[in-house]
Amino acid sequence: MIRLFNTYSRTLEEFRPLDPAGREVKMYTCGPTVYSHAHIGNFRAYVFEDLLQRHLELRGFKVRRVMNITDVDDKTIRGSREAGVPLAEFTAPFKKAFFEDLETLRIKRADSFPEATDPREIGKMIEMIGTLLERGLAYQAEDKSVYFRINKFPDYGKLAHFDLAELRSTGRVQSDEYDKENIGDFALWKAWDEVDGAVKWESPWGAGRPGWHIECSAMATQLLGEQLDIHCGGVDNIFPHHEAEIAQTEGCTGKQFVRYWLHCAHLMVEGQKMAKSLGNFYTLRDVIAKGYSGREVRYALMRVHYRAPLNFTWEGMEEARQALARVDDWARRLGGKVEEEENVQPASALDGLRRGERPTSNVQHPMEEFEAALDDDLNISGALGILFETIRETNRRIDAGEIDASEAKAWLEWWERVDRVLAISGEDGALTAEILALGEARMQARLAKDWRKSDELRDELAARGWEARDTKDGQKITRRGGA
RNA sequence: GGCGGGGUAGCCAAGUGGUAAGGUCGGGGUCUGCAAAACCUCUAUUCGCGGGUUCGAUUCCCGCCCCCGCCUCCA
């Protein structure tokens with residue numbers, strides 16, 4: 001049984017998809033606004049969503065996921081104006097970069113990435129706004145913009161658990177919208193303004209562009225239907241964005257929009273909020289440029305429970321690197337055991353692999369326990385704890401000569417299953433001719449017991465990102481860090 | 001002021017009404033030409049603070065303190 005924390009109810013709920021067969025899961029995740037490179041805080045949310053999707057899939061669900069791309073809003077318009085290029089030309093490179101970054105972090109691609117400027121989506125938004133107007137849930141103000149009338153939607157505020165009467169303005173958003181009936185009414189359609197330049201679409205209410213919230217309602221219902229199983233985003237999207245989505249969508253369909261709302265806590269950097277003014281603002285590219293690999297960043301962003309604040313630090317990146325190296329070495333070691341024999345079949349009874357003899361052992365059934373931890377609202381720390389205990393125990397037993405090729409193969413198969421969720425396994429980079437030559441030279445030096453030269457060659461290999469280890473089976477050269 | 005999330009070893013972090021997983025760092029050891037890896041071992045009488053319930057609380061209840069966030073277009 002999978003349990004997830006639903007923001008709406010503020011409780012852990014058993015997860016059951018709407019699909020009568022209980023198999024298909026409709027999942028919508030708020031994507032990036034492409035006015036710059038996404039930062040690691042954004043990616044924390046996307047990595048969390050990826051972990052959720054992968055775990056649901058491991059548990060046999062068929063996930064249909066949509067992630068939107070916001071390519072028109074105040075910031076993208078401002079950016080294109082400042083760059084002096086058309087909007088689409090301004091956002092294109094950021095879209096491309098976003099998809100590259102997803103790949104770097106091994107985030108599975110959603111089934112579709114609808115864009116807000118897609119005519120088909122704009123059409124759907126206009127259709128929905130029309131419906132809301134017909135029902136009296138929206139109105140066109142004197143400034144020609146169309147607003148949602150929150151007083152007509154009694155449930156408004158239920159997701160965020162806000163009492164609307166208690167709200168007070170933070171002054172973050174300029175309140176120049178005197179035309180609204182209620183300060184809390186939000187724009188569905190923004191009338192064209194001079195600063196919008198060429199950015200405009202025709203609508204029954206005049207030229208303009210869609211409000212931000214309506215795009216998610218339109219795309220989600222258009223691509224996944226009127227009711228979703230899961231909708232994710234960062235905690236800062238709870239209000240007003242997701243609240244507005246509920247109002248708009250349910251205002252049109254009369255049906256519950258989302259069954260499970262999941263929100264990811266914020267990322268902090270060195271104990272502080274990430275901000276350009278503090279100089280601690282990082283894009284994924286910034287971290288990669290420091291020499292870290294995508295999977296190292298993935299691990300660092302993933303290893304803390306999604307509802308707890310995550311403090312990003314360089315010390316944390318080093319920890320991620322070391323932890324992954326430990327996993328890599330373990331998997332390599334098992335691979336080596338398997339190669340010792342030919343035509344190895346995995347031990348048939350996986351349960352028999354549990355390490356029951358030692359009283360100090362905490363993990364009795366790693367196969368089940370790892371997945372059970374993730375079932376519990378994605379308890380990643382618990383799951384990783386089981387993985388690492390299993391690693392220590394299997395390493396110990398390999399040292400003791402207790403694991404044969406058949407059992408090693410079974411552990412590797414388990415690891416492959418685990419890694420379908422974690423997606424952190426290493427790739428051995430191809431040995432180049434230069435590295436091979438250095439390795440060969442070092443072997444010769446060792447045979448000649450020229451330790452000094454052998455150590456120098458080891459340093460040279462290290463400088464190129466490779467490590468030479470002397471084992472009883474001879475020298476082994478492996479990639480260290482990165483990759 | 002309202003609504004959330006969090007405060008567990010140097011750092012990251014799981015967890016349960018019955019006496020603290022795991023990762024990382026550091027010390028010692030086995031192994032090694034030396035290393036590395038691996039393994040063994042040491043490092044929280046203690047879980048923000050103060051009360052209460054209980055035979056027993058880090059875990060339940062009450063109060064308080066601190067950090068982070070949202071309060072109308074920031075994941």
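Residues numbered from 1 in each chain as written. Chains lettered and ligands numbered in written order. Predicted model: local features only at pLDDT ≥ 70, side-chain atom pairs only at ≥ 80, totals over all residues. Heavy atoms only, no water.

## Side note on the overall build of chain A
We count it as follows: Only DSSP runs of H or I reaching four residues or more are called helices, and only runs of E reaching two or more are called strands; each is numbered from the N terminus. Contacts are assigned to residue pairs with any non-hydrogen atoms lying within 4.5 Å of each other. Residue burial considers only the protein chains on display, and all accessible areas are found by Shrake-Rupley using a 1.4 Å probe. In summary, the charge assignment counts Lys and Arg as positive and Asp and Glu as negative, without counting His or the chain termini. By convention, charge coordinates are those of NZ in Lys, CZ in Arg, CG in Asp, or CD in Glu.
Tallying secondary structure elements over chain A gives 14 helices and 15 strands in all. Taken along its principal axes, the extent of the C-alpha atoms in chain A is 90 × 50 × 40 Å. Sequence-distant contacts in chain A: of pairs separated by 6 or more residues, those separated by 24 or more amount to 75%. Surface accessibility of chain A: about 23,000 Å² in total, with carbon and sulfur atoms responsible for 48%. Placing the 68 positive and 83 negative side-chain charges of chain A at their respective mean positions leaves the two points 2 Å apart.

## Here we look at the pattern of salt bridges
Selection rule: A side-chain nitrogen of Lys or Arg and a carboxyl oxygen of Asp or Glu constitute a salt bridge if their distance falls within 4 Å. Burial classes: relative accessible area under 20% of the type maximum marks a residue as buried, over 50% as exposed, and values in between as partly exposed (1.4 Å probe, protein chains only).
Applying the stated criterion across every chain yields a total of 40 salt bridges. Between Arg-209 and Asp-74 there is a salt bridge whose closest N-O contact spans 2.7 Å. Taken together, the residues span a long stretch of sequence, with Arg-209 in strand S8 (residues 208-210) and Asp-74 in helix H2 (residues 74-83) at a distance of 135 residues. Overall, the relative accessible area of 6% leaves Arg-209 in the buried class. According to the relative accessible area criterion, Asp-74 is partly exposed, its value standing at 43%. Across the salt bridge formed by Glu-100 and Arg-285, the nearest N and O atoms sit 3.0 Å from each other. Of this pair, Glu-100 sits in helix H3 (residues 87-104) while Arg-285 sits in helix H7 (residues 284-289), placing them 185 residues apart in sequence.

## Some thoughts on the pairing of strand S14 (residues 466-471)
Operational definition: A pair of strands is considered paired only if DSSP assigns at least 2 bridges between the two.
Of the pairings in the sheet, the one linking S14 to strand S15 (residues 474-479) comprises six bridges and is antiparallel in character. Across the sheet, Trp-466 pairs through a bridge with Arg-479, a residue of S15. In textbook terms, the turn of a hairpin is the stretch between consecutive antiparallel strands, and for S14 and S15 this stretch comprises two residues.

## Let's talk about the packing of helix H10 (residues 366-375) against helix H11 (residues 380-399)
So the rule is basically this: Axis geometry follows a simple rule: fit a line to the C-alpha atoms, using only the stretch in contact for helices, then measure angles between N-to-C directions, giving values from 0 to 180 degrees. Working definition: roughly parallel below 35 degrees, roughly antiparallel above 145 degrees, roughly perpendicular at 65 to 115 degrees, and oblique for all remaining angles. If you view the pair so one helix is near and one far, a crossing is left-handed when the near helix is turned anticlockwise from the far one by less than a right angle, and right-handed when it is turned clockwise. Gly is put with the polar residues, along with every residue not named as nonpolar or charged; the nonpolar set is Ala, Val, Leu, Ile, Met, Phe, Trp, Tyr, Cys and Pro, and the charged set is Asp, Glu, Lys and Arg.
Taken N-terminus to C-terminus, the directions of H10 and H11 make an angle of 160°; their axes are 7 Å apart at the nearest point. By the angle between their directions, the pair H10 and H11 is classed as roughly antiparallel. Considering the relative orientation of H10 and H11, their crossing is left-handed. Within the contact between the two elements, H10 uses Pro-366, Glu-369, Phe-370, Ala-373 and Leu-374 and H11 uses Ile-380, Gly-382, Ala-383, Ile-386 and Thr-390. Here the contact of H10 with H11 is composed, by residue class, of seven nonpolar, two polar and one charged.

## As for the confidence of the model for chain A
The test is simple: pLDDT expresses, on a scale from 0 to 100, how confident the predictor is about each individual residue.
Per-residue confidence for chain A gives a mean pLDDT of 89, with 93% of residues at or over 70. Below a pLDDT of 50 lies the segment residues 349-360, which in the model reaches 22 contacts outside its immediate sequence neighbourhood of four places, other chains included.

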